[in-house]
Amino acid sequence: MIQKKECKICNNKLYQFIDHTARCTSCGVLLFYPYPDENKIESVKLSEEQNYEWYENSFIRKLEGFKDIISFVFKKSSQKEYKILDYGGSSGQFALIFKSVFPKADVFITDINDNSLFKEYSIMNKQIKFNNFNNDINKFDVIFLNDVYEHVNDPVNLIEILEKKLNDDGLIFIDTPRQFWIYPFFKLFNKYIYRKILRGTVSGAHLQIWNEKSFKVSLRNTKLKIFKKKHYTELTQDPEYYVRGMTINNKFLKKIIIFGVSILLFTFKNKIFVILKK
């Protein structure tokens, strides 16, 4: 099937087709292209064993990240009976941290892979089956998309759906990768490394890497506005994991990149934390 060369975020023309990626002429989003069917998104295919392996390697990092997210969104009020949704919550690990801070909260979860919820965490999560989510009547005080917005095939449509799931004065929190300084730097000075960065960060699982403009454009069909925002440095796996994804075979170059990441990591600000509010 021949796909239209149109941006799925703003509907303008795509350009700069490099390997498996495309960039929008208007909003600047970096996209996996051609667009995959939803059932072919790589993160959907993870088995139970692969899910456990992923969290084994990222557990400590995710704990720290979740604590930062909670402190970013909430003032201290452990007695508050929040009703929250962990959208795309996968293992359900977020509920473990959230309920340790807000023990009276109700934590709901939904994920495109219904089987990704760990049985060890299921007691803390009220699962909504993914195919039932659109018709589910629950509404929420806060909806969390923790490392999810880059994975969804149609983020513009998703954010419209989630807006309707909010209570009055409800919030949506999004934590997602952004294009930071290494993208324009290596695009200008070293095309080989730039293509390797694209190989390691844009994939059939990571479908879009945002910039400021494209993120705002993705909200265009809603009444949601950015209420609070910050840029944040976070790697959910060790640097070797990302270098493997870049498919660099030269051992010396691998060592240089890993060393460079360890020195310059504090400058990355590779994630965006955003709170959306009507």
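Presented here is an overview of the structure given in this document.

Each value, and the rule that gives it
- Residues numbered from 1 in each chain as written.
- Predicted model: local features only at pLDDT ≥ 70, side-chain atom pairs only at ≥ 80, totals over all residues.
- Heavy atoms only, no water.
- Helix = DSSP H or I, 4+ residues; strand = E, 2+ residues; numbered from the N terminus.
- Rg over C-alpha atoms; globule rule 2.2 N^0.38 Å.
- Buried < 20%, exposed > 50% of the residue type's maximum accessible area, 1.4 Å probe, protein only.
- Contact = heavy atoms within 4.5 Å.
- Areas by Shrake-Rupley, 256 points an atom, 1.4 Å probe, with all protein chains shown as cover.
- Lys, Arg positive; Asp, Glu negative; His and termini not counted.
- Charge placed at Lys NZ, Arg CZ, Asp CG, Glu CD.
- Pairing = 2+ DSSP bridges.
- Axes fitted to C-alpha atoms, helices over the stretch in contact; angles between N-to-C directions.
- Polar contact = N/O pair within 3.5 Å; in protein donor to acceptor, adjacent residues only side chain to side chain.
- Right-handed = clockwise from strand over helix to strand, strands pointing away.
- Salt bridge = Lys/Arg side-chain N within 4 Å of Asp/Glu carboxyl O.
- Phe/Tyr/Trp six-rings, centres within 6.5 Å; stacked < 30°, edge-to-face > 60°.
- Lys NZ or Arg CZ within 6 Å of the ring centre and 35° of its normal.
- Core = buried A, V, L, I, M, F, W, Y, C linked by side-chain atoms within 4.5 Å.
- Patch = residues over 30% accessible without salt bridge, like charges linked within 9 Å, V, L, I, M, F, W, Y side chains within 5 Å.

### Observations concerning the overall build of the protein
- Per the secondary structure count, the protein includes 8 helices and 11 strands.
- Against the 2.2 N^0.38 benchmark of 19 Å for 278 residues, the protein shows a C-alpha radius of gyration of 19 Å, consistent with a compact globule.
- Summarising its shape, the C-alpha atoms of the protein cover approximately 55 × 40 × 35 Å along the three principal directions.
- Taking all 278 residues of the protein together, the buried fraction comes to 48%.
- Residue pairs at least 24 apart in sequence account for 73% of intrachain contacts in the protein once pairs closer than 6 positions are excluded.
- Carbon and sulfur atoms form 54% of the exposed surface of the protein, whose accessible area is close to 14,600 Å².
- Treating the 44 positive side-chain charges of the protein as one cloud and the 31 negative ones as another, the clouds have centres 7 Å apart.

### Let's talk about the sheet that holds strand β1 (residues 14-18)
- Sheet architecture is open: 4 strands sit in the order β1-β2-β3-β9, paired in antiparallel fashion. With partners counted over all chains shown, the strands left at the sheet margins are β1 and β9 (208-209), one partner each.
- Direction of pairing for strand β2 (residues 21-24) relative to strand β3 (residues 30-32): antiparallel, over a ladder of 3 bridges. Bridge assignment links threonine 21 to a residue of β3, and that residue is phenylalanine 32.
- Packing against the sheet, helix α5 (residues 191-201) makes contact with β1, β2, β3 and β9, and its axis sits at approximately 100° to β1.

### A few points about α5
- Of all the residues in α5, the buried ones are Ile193, Tyr194, Lys196, Ile197 and Leu198.
- Considering only its buried residues, α5 is in contact with β1, β2, β3, α4 (182-189) and α8 (251-264).
- Where α5 begins, the side chain of asparagine 190 points an oxygen toward the backbone nitrogen of tyrosine 192, at a separation of 3.2 Å.

### Overview of the pairing of strand β8 (residues 166-177)
- Taken across its 12 residues, β8 has 9 buried, putting it largely inside the fold.
- With 6 bridges joining them, strand β7 (residues 140-146) and β8 adopt parallel strand pairing. If you follow isoleucine 143 over to β8, its bridge partner there is isoleucine 172.
- Since β7 and β8 lie parallel, the crossover through helix α3 (residues 155-163) that links them has a hand, and here it is right-handed.
- Sheet analysis places β8 next to strand β11 (residues 271-277), joined by 7 bridges and oriented antiparallel. Considered in β11, the bridge of phenylalanine 173 is made with isoleucine 275.

### Considerations on the pattern of salt bridges
- Going through the model one piece at a time under the given rule, you end up with 9 salt bridges.
- The closest approach of N and O atoms between lysine 119 and glutamate 120, which form a salt bridge, is 3.9 Å.
- On the accessibility criterion, glutamate 120 (44% relative accessible area) is partly exposed.
- Notably, a salt bridge pairs arginine 178 with glutamate 212, separated by 4.0 Å at the nearest N-O pair.

### What about the side chain of lysine 8?
- Looking at the secondary structure, you find lysine 8 in the segment before β1.
- At a separation of 2.9 Å, a polar atom in the side chain of lysine 8 contacts the side chain of glutamine 208.
- Ignoring any residue separated from it by four or fewer positions in sequence, one finds lysine 8 in contact with Leu31, Tyr35, Val152, Asn153, Val156, Leu207 and Gln208.

### Observations regarding the packing of aromatic side chains
- Overall, the coordinates contain 30 aromatic pairs when judged by the stated rule.
- Geometry around phenylalanine 133 places lysine 165 over its ring, the cationic atom sitting 4.7 Å from the centre.
- Above the plane of the ring of phenylalanine 227 lies lysine 277, whose end atom (NZ or CZ) is 4.8 Å from the centre.

### Some details on the nonpolar core
- Core analysis: the biggest nonpolar cluster contains 36 residues, and Cys7, Tyr87, Ile143, Leu145, Tyr149, Ile172 and Leu276 have the highest contact counts within it.
- Broken down by secondary-structure element, the contributors of at least two residues to this core are β2, β4 (83-87), β7, α3, β8 and β11.
- Listed in part, the 26 residues of the second largest apolar core include Leu63, Ala95, Met124 and Phe144.

### Topic: a positive patch on the surface
- Taken together, the side chains of Lys75, Lys228, Lys230 and Lys269 define a basic patch exposed on the protein surface.
- For lysine 228, the location among the structural elements is in strand β10 (residues 225-232).
- The exposure class assigned to lysine 228 is partly exposed, which follows from its relative accessible area of 34%.

### Notes on the environment of histidine 231
- With respect to the element layout, histidine 231 can be found in strand β10.
- Excluding residues within four positions of it along the chain, histidine 231 makes contact with Arg178, Glu212, Lys269, Lys271 and Ile272.
- Here arginine 178 takes part through its side chain, which lies 3.5 Å from a polar atom of the side chain of histidine 231.

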